Amino acid sequence: KNIHYYDEAGSSNDIAKKLAPVVEEGTIIVVEQQTGGRGRLGRKWASPKGGIWFSIILKPKVALSAASRLTLTVGLSVTNTLIQYGIPARIKWPNDVLINGKKVCGILTEVEAEIDTIEFVIIGVGINANMSLKDIPEDLRENSTTLRDEIGKSIDRVDFLQKLLHEMEQQYIRFNTQPFGEILSDIVSLSDTVGRDVKVTMPNRIVEGKVVGISKSGALLLKKEDGEVEEIIAGRCIYSK
Ligand code: BTN
């Protein structure tokens, strides 16, 4: 229900943002191809035909600070869906899903809030599905991969999206009815980041250390050289080794 489909659009997150005030939560915008796909930190996101590009509008009754927990929960849903297909996916904090250490999915969460109350959250999910790395401009490839490159064949995108939306709905019900600790333990057990030596870059500084966990607020717990554990709410996480 409430799925809007477009052959082509600038960015599904932008369409979702315009619709959000007038539609019910759970409304989904799916596009075949984006001409202005956006990634995190102002980056571009290549969105050719064959991928799975969509945004979901949510209106959770939680504080603004819960948005990062939602992003992680969606990452868990994508990971669980890939695992249902027998694909060994893992979650990279804060918003990526990896296969064999390479990025196959990115999540862009954008929040509209009034003081500390969320009005709506747009969660944009981009999955490099039936395409090859060659379809992504070289400067945007980074450490990415595509489902087809990893499993050697195309998937049925409609079937995949149905399974993913079902999984997201189940996790969202959990998100709204259970303490976050339950979802968090699933996230930690499928995390590619916990246990790694990383460098986290933030707008004003860089911190290095070993990831010892993810906190109840969805923050990275980083043990620094001096032994102190710092909670990192947001940033870009780069693996050191
Ligand atoms: C990232 O890893 O930087 C996040 C990428 C998010 C891409 C998706 S594709 C659907 C939605 N619309 C956008 O413009 N971006 C997100």
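None of the values given here were measured: they were computed from a predicted structure. (Residues numbered from 1 in each chain as written. Predicted model: local features only at pLDDT ≥ 70, side-chain atom pairs only at ≥ 80, totals over all residues.)

Position of Leu-140 relative to the elements: it lies in helix H3 (residues 138-141). Put simply, Leu-140 and Val-31 are 109 residues apart on the chain and 20 Å apart in space, counted from C-alpha to C-alpha. (Helix = DSSP H or I, 4+ residues; strand = E, 2+ residues; numbered from the N terminus.)

This brings us to the site of the ligand. What surrounds the ligand is a group of 22 residues, the closest being Ser-11, Gly-39, Gly-106, Gly-124 and Gly-126. Of all the elements in the fold, those that place two or more residues in the shell around the ligand are helix H1 (12-19), strand E3 (52-58), strand E6 (102-114) and strand E7 (117-127). Its residues assigned to classes, the shell around the ligand shows 6 nonpolar, 12 polar and 4 charged. (Near = placed C-beta within 6 Å. Nonpolar A, V, L, I, M, F, W, Y, C, P; charged D, E, K, R; others polar.)

Turning our attention to the sheet that holds strand E2 (residues 28-34). The mixed open sheet is built from 7 strands, whose spatial order is E1-E2-E3-E7-E6-E5-E4. The sheet is open, and its two edges are formed by strand E1 (3-9) and strand E4 (89-92), each paired on a single side. Shown here is a sheet whose adjacent strand axes are inclined to one another by a mean of 20 degrees, direction ignored. Across 6 bridges, E1 lies against E2 in parallel orientation. Looking at the pairing, Tyr-5 lines up with Val-30 of E2. (Pairing = 2+ DSSP bridges. Axes fitted to C-alpha atoms, helices over the stretch in contact; angles between N-to-C directions.)

Turning our eyes to something else, we now look at the domain arrangement of the protein. For the protein, the assigned domains are domain 1 (3-189) and domain 2 (197-239). The distance between the C-alpha centroids of domain 1 and domain 2 comes to 23 Å. Contact residues are listed per partner, giving 12 residues for domain 1 and 10 residues for domain 2. At the level of elements, helix H2 (67-84) and helix H6 (180-189) are the ones that each hand at least two residues to the side of domain 1 that touches domain 2. Residue contributions to the side of domain 1 that touches domain 2 peak at 5 residues, all from H6. Considered class by class, the residues forming the side of domain 1 that touches domain 2 number 8 nonpolar, 3 polar and 1 charged. (Domains from an automatic or database assignment. Contact = placed C-beta atoms within 7 Å.)

Turning next to the pairing of strand E5 (residues 96-99). Each regular strand displays side chains that alternate between the two surfaces of the sheet. Of the two faces of E5, the one lined by Asp-96 and Leu-98 and the one lined by Val-97 and Ile-99 are each fully buried. With 4 bridges joining them, E4 and E5 adopt antiparallel strand pairing. Looking at E5, one finds that Ala-89 is bridged to Ile-99. Judged from the 4 bridges that link them, E5 and E6 form a sheet pairing that is antiparallel. Along E6, the bridge assignment pairs Leu-98 with Lys-103. Two successive antiparallel strands, E5 and E6, enclose a turn made up of 2 residues, where Asn-100 displays a positive phi of approximately 50 degrees. (Buried ≥ 20, exposed ≤ 12 C-beta atoms within 10 Å, placed from the backbone.)

Let us now look at helix H5 (residues 157-177). The periodicity of an α-helix, 3.6 residues per turn, causes residues three or four positions apart to be oriented the same way. Given a rise of 1.5 Å per residue, 21 residues ought to cover 30 Å, and the 30 Å separating the end C-alpha atoms of H5 matches this to within 8%. Buried within H5 we find Phe-160, Leu-164, Met-168 and Phe-175. In an axial view of H5, the angular spread of the buried residues amounts to 65 degrees, which keeps them on one side of the axis. With respect to the buried face of H5, the exposed residues turned more than 90 degrees away are Val-158, Asp-159, Gln-162, His-166, Gln-170, Ile-173 and Thr-177. Turning to H5, the residues buried within the fold contact E3, H2 and H6. (Expected span 1.5 Å × (residues − 1). Arc of directions from axis to C-beta.)

Another point: the nonpolar core. Core analysis: the biggest nonpolar cluster contains 55 residues, and Phe-54, Val-78, Val-97, Val-121, Ile-123, Val-125 and Leu-220 have the highest contact counts within it. Residues within four places of Val-125 in sequence aside, it is in contact with Phe-54, Val-74, Val-78, Cys-105 and Ile-107. (Core = buried A, V, L, I, M, F, W, Y, C linked by C-beta atoms within 7 Å.)

Strands belonging to one sheet form pairs held by backbone hydrogen bonds; the direction of such a pair is parallel or antiparallel. If you trace the 5 strands from one edge of the open sheet to the other, you get E11-E10-E9-E8-E12, paired in antiparallel fashion. Edge positions in the sheet fall to strand E11 (229-232) and strand E12 (236-239), since each of these pairs with one other strand and no more. Along the sheet, successive strands turn relative to each other by an average axial angle of 45 degrees, direction set aside. Two elements, strand E9 (residues 205-214) and strand E10 (residues 220-223), share 4 bridges in a ladder whose sense is antiparallel. Within the sheet, the bridge partner assigned to Val-211 lies in E10 and is Leu-222.

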